[in-house]
Amino acid sequence: QVQLVESGGGLVQAGGSLRLSCAASGRTFSSYAMGWFRQAPGKEREFVAGISWSGGATYYGDSVKGRFTISKDNAKNTVYLQMNSLKPEDTAVYYCAAGTSVLPGRKSYEYDYWGQGTQVTVSS
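In this text, all values refer to a predicted model and were calculated from it rather than measured experimentally.

Trainee: Lay out the nonpolar core with the relevant residues and their values.
Mentor: Formed by 30 residues in total, the largest nonpolar core has its most connected members in Leu-4, Met-34, Trp-36, Leu-81, Met-83 and Tyr-94. Taken together, the elements giving at least two residues each to this core come down to β3 (18-24), β4 (33-39), β5 (46-51), β7 (68-73), β8 (78-83), β9 (92-99) and β11 (118-123). Those residues in contact with Tyr-94, other than ones at most four positions away along the chain, are Glu-6, Leu-20, Trp-36, Phe-37, Arg-38, Val-48, Phe-68, Leu-81, Met-83, Gly-117, Thr-118 and Val-120.

Structure representation (structure tokens):
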């Protein structure tokens, strides 16, 4: 079992930055691929970024590529999402997820554990 708790969300102006954190419980955190998803009101959950269990492979959704960076600290059982050059369309609830596959998937069903989400609001 893995429990995930996100933090770091908030209100920021367009062009600003935020760093989300996802703290995981469980001694096998290092063996999980991790992902970040987001969901805006009235929209489907969207893949944002994923990182392999080793941290050696990262993937990004097209809408955030070049602006967001995912990283993983296995010693701290934490995965991060650095978000730069934020836009109003980045406004959503951001979810952290953990999966047992070697590489991070881009679909929600590829993940086994989910956090409760953290709100990110970008004002124009």
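Trainee: Outline the sheet that holds strand β1 (residues 4-7), listing residues and values.
Mentor: Pairing is antiparallel in the open sheet, where four strands are placed in the order β1-β3-β8-β7. Of all the strands in the sheet, just β1 and β7 have a single pairing partner and so form its edges. Taking each pair of neighbouring strands and ignoring which way they run, the sheet shows an average axis angle of 15 degrees. With four bridges joining them, β1 and β3 adopt antiparallel strand pairing. Looking at the pairing, Ser-7 lines up with Ser-21 of β3.

Trainee: How would you sum up the pairing of β9? Please name residues and give values.
Mentor: Along β9, seven of the eight residues are buried, which leaves the element largely enclosed by surrounding structure. Here β4 pairs with β9 via seven bridges, running antiparallel. The residue bridging Gln-39 from the neighbouring strand is Val-93, located in β9. As paired strands, β9 and β11 are joined by three bridges and run antiparallel to one another. Counterpart to Ala-92 in the pairing with β11 is Val-120. In this structure, β9 lies alongside strand β10 (residues 113-114), joined through two bridges in antiparallel fashion. Its bridge partner being in β10, Ala-98 is matched across the sheet by Tyr-113.

Trainee: Any details on the side chain of Thr-78? Residues and values, ideally.
Mentor: With respect to the helices and strands, the residue Thr-78 is situated in strand β8. Using a relative accessible area of 9% as the deciding quantity, one classes Thr-78 as buried.

Trainee: Which residues make up a nonpolar patch on the surface, and what are the values?
Mentor: Residues Trp-53, Val-102 and Leu-103 make up a contiguous nonpolar surface patch of roughly 300 Å² in combined accessible area. Within the secondary structure layout, Trp-53 lies in the loop between β5 and β6 (58-60). The partly exposed category is assigned to Trp-53, whose relative accessible area is 41%.

Trainee: Describe the state of the cysteines, listing the residues and the values that go with them.
Mentor: Within the structure shown, the criterion is met by one disulfide. With a sulfur-sulfur separation of 2.1 Å, Cys-22 is cross-linked through a disulfide to Cys-96. Classification of the bridge connecting Cys-22 and Cys-96 rests on its S-S torsion, roughly -80 degrees, and on that basis the disulfide is left-handed. A residue pair is termed long-range when its members are at least 10 positions apart, and Cys-22 in strand β3 and Cys-96 in strand β9 qualify at 74 residues. As far as burial versus exposure is concerned, Cys-22 and Cys-96 are alike and both buried.

The rules behind these values
Residues numbered from 1 in each chain as written. Predicted model: local features only at pLDDT ≥ 70, side-chain atom pairs only at ≥ 80, totals over all residues. Heavy atoms only, no water. Core = buried A, V, L, I, M, F, W, Y, C linked by side-chain atoms within 4.5 Å. Buried < 20%, exposed > 50% of the residue type's maximum accessible area, 1.4 Å probe, protein only. Helix = DSSP H or I, 4+ residues; strand = E, 2+ residues; numbered from the N terminus. Contact = heavy atoms within 4.5 Å. Pairing = 2+ DSSP bridges. Axes fitted to C-alpha atoms, helices over the stretch in contact; angles between N-to-C directions. Patch = residues over 30% accessible without salt bridge, like charges linked within 9 Å, V, L, I, M, F, W, Y side chains within 5 Å. Areas by Shrake-Rupley, 256 points an atom, 1.4 Å probe, with all protein chains shown as cover. Salt bridge = Lys/Arg side-chain N within 4 Å of Asp/Glu carboxyl O. Disulfide = S-S within 2.5 Å.

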